[in-house]
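# Topology and contacts: notes
The lines below spell out each chain.
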Amino acid sequence: MLMIIGADHLGGIEKNLYHHGFTDIEHIRGRNVNDRKKINIPSNTALIVVLTDYINHMTARCIKEQAKAQGVPMVFAKRSWCFLSRELSRCGAI
């Protein structure tokens, strides 16, 4: 499963991720303080994507700590397919 934290709407990013084989995608907005309480990384999470230009700083910190504790790799990118695809390529996800 791919978990995306940040952004109100994914737009074309979700379609592009499906095209690259990511069929199980969970999206959490991460802009509100209450979103931090919703974040619970499922055990079947293979990768976490943090969209840096649309996320609360404390939420980013919380998810980073959880991912590190569970050994889940993370990718940080702007909410743009160009930036995201580059980061996914660097980590070998696509």
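As a starting point, this report considers the structure included with it. Counting from 1, residues in each chain are numbered in the order their sequence is written. The predicted nature of this model means local features are confined to residues of pLDDT at least 70 and side-chain atom pairs, given and counted, to a pLDDT of 80 or more, with totals for whole chains, interfaces and linings taken over all residues. Hydrogens and waters are ignored; side-chain quantities use all the structure's heavy atoms.

## Regarding the overall build of the protein chain
To keep things clear, this is the line we draw: In DSSP terms, a helix is any run of H or I states spanning at least four residues, a strand is any run of E spanning at least two, and both are numbered starting from the N terminus. Think of it in three bands: residues with accessible area under 20% of the maximum for their type are buried, residues over 50% are exposed, and the middle band is partly exposed, with areas taken using a 1.4 Å probe on protein chains only.
In terms of regular secondary structure, the protein chain is built from 4 helices and 4 strands. From first element to last, N terminus to C terminus, the protein chain shows the α and β order β-α-β-α-β-α-β-α. Across its three principal directions, the C-alpha atoms of the protein chain cover 30 × 25 × 20 Å. Burial statistics for the protein chain: of 94 residues in total, 39% are counted as buried.

## Re the pairing of strand β2 (residues 25-28)
Keep this limit in mind: By definition, two strands form a pair when at least two bridges between them are found by DSSP. For a crossover, the right-handed case is the one in which the path from the first strand over the helix to the second runs clockwise, viewed with the strands pointing away from the viewer.
Looking at chain direction, strand β1 (residues 2-5) and β2 are connected through 4 bridges and run parallel. Bridge pairing links Ile5 to Ile28 in β2. Viewed along the sheet, the connection from β1 through helix α1 (residues 12-19) into β2 turns out right-handed.

## A few points about the pairing of strand β4 (residues 74-77)
Within a regular strand, side chains alternate between the sheet's two faces. A one-sided burial pattern is seen for β4, the buried positions being Val75 and Ala77 and the unburied ones Met74 and Phe76. Bridge count between strand β3 (residues 47-51) and β4: 4 bridges; the pairing is parallel. Residue pairing in the sheet places Ile48 in a bridge with Met74 of β4. As for the winding sense of the linkage, the β-α-β connection from β3 through helix α3 (residues 57-70) to β4 is right-handed.

## What about the sheet that holds β2?
Paired through their backbone hydrogen bonds, the strands of a sheet run either parallel or antiparallel. For clarity, the cut-off: Fitted lines through C-alpha atoms serve as axes, helices being fitted only where they are in contact, and the angles separating the N-to-C directions of these axes extend from 0 to 180 degrees. Residue contacts are counted whenever heavy atoms from the two residues lie within 4.5 Å of one another.
Taken together, the 4 strands give an open sheet; going across it, the order is β2-β1-β3-β4, and neighbouring strands pair in parallel fashion. Of all strands in the sheet, those with a lone pairing partner are β2 and β4, marking the two edges. On average, each strand axis in the sheet is inclined to that of its neighbour by 20 degrees, with strand direction left out of account. α3 rests against β1, β3 and β4 of the sheet, and its axis sits at about 155 degrees to β4. Its contacts with the sheet put helix α4 (residues 81-90) on β3 and β4, and the angle it makes with β4 is roughly 150 degrees.

## A short note on the nonpolar core
What tends to happen in soluble globular proteins is that the nonpolar side chains get buried as a cluster. How we decide: Nine residue types can take part in a nonpolar core, namely buried Ala, Val, Leu, Ile, Met, Phe, Trp, Tyr and Cys, and a core is a set of them joined through side-chain atoms within 4.5 Å.
Formed by 15 residues in total, the largest nonpolar core has its most connected members in Leu2, Ile4, Leu17, Val49, Leu84 and Leu88. Elements that contribute at least two residues to this core include exactly β1, α1, β3, β4 and α4. Per-element tally for this core: the top contributor is β3, with 3 residues. Those residues within four positions of Ile4 in sequence are excluded, and the remaining contacts are Leu10, Leu17, Ile25, Glu26, His27, Ile28, Val49 and Leu51.

## Quick look at the side chain of Thr45
This is how the line gets drawn: Distance and chemistry together define a polar contact, namely a pair of N or O atoms within 3.5 Å, with one atom able to donate a hydrogen and the other to accept it when in protein, and with adjacent residues in sequence counting only for side-chain atoms on both sides.
Note that Thr45 resides in the loop between α2 (35-38) and β3. A distance of 2.9 Å separates the side chain of Thr45 from the backbone oxygen of Pro42, its partner in a polar contact.

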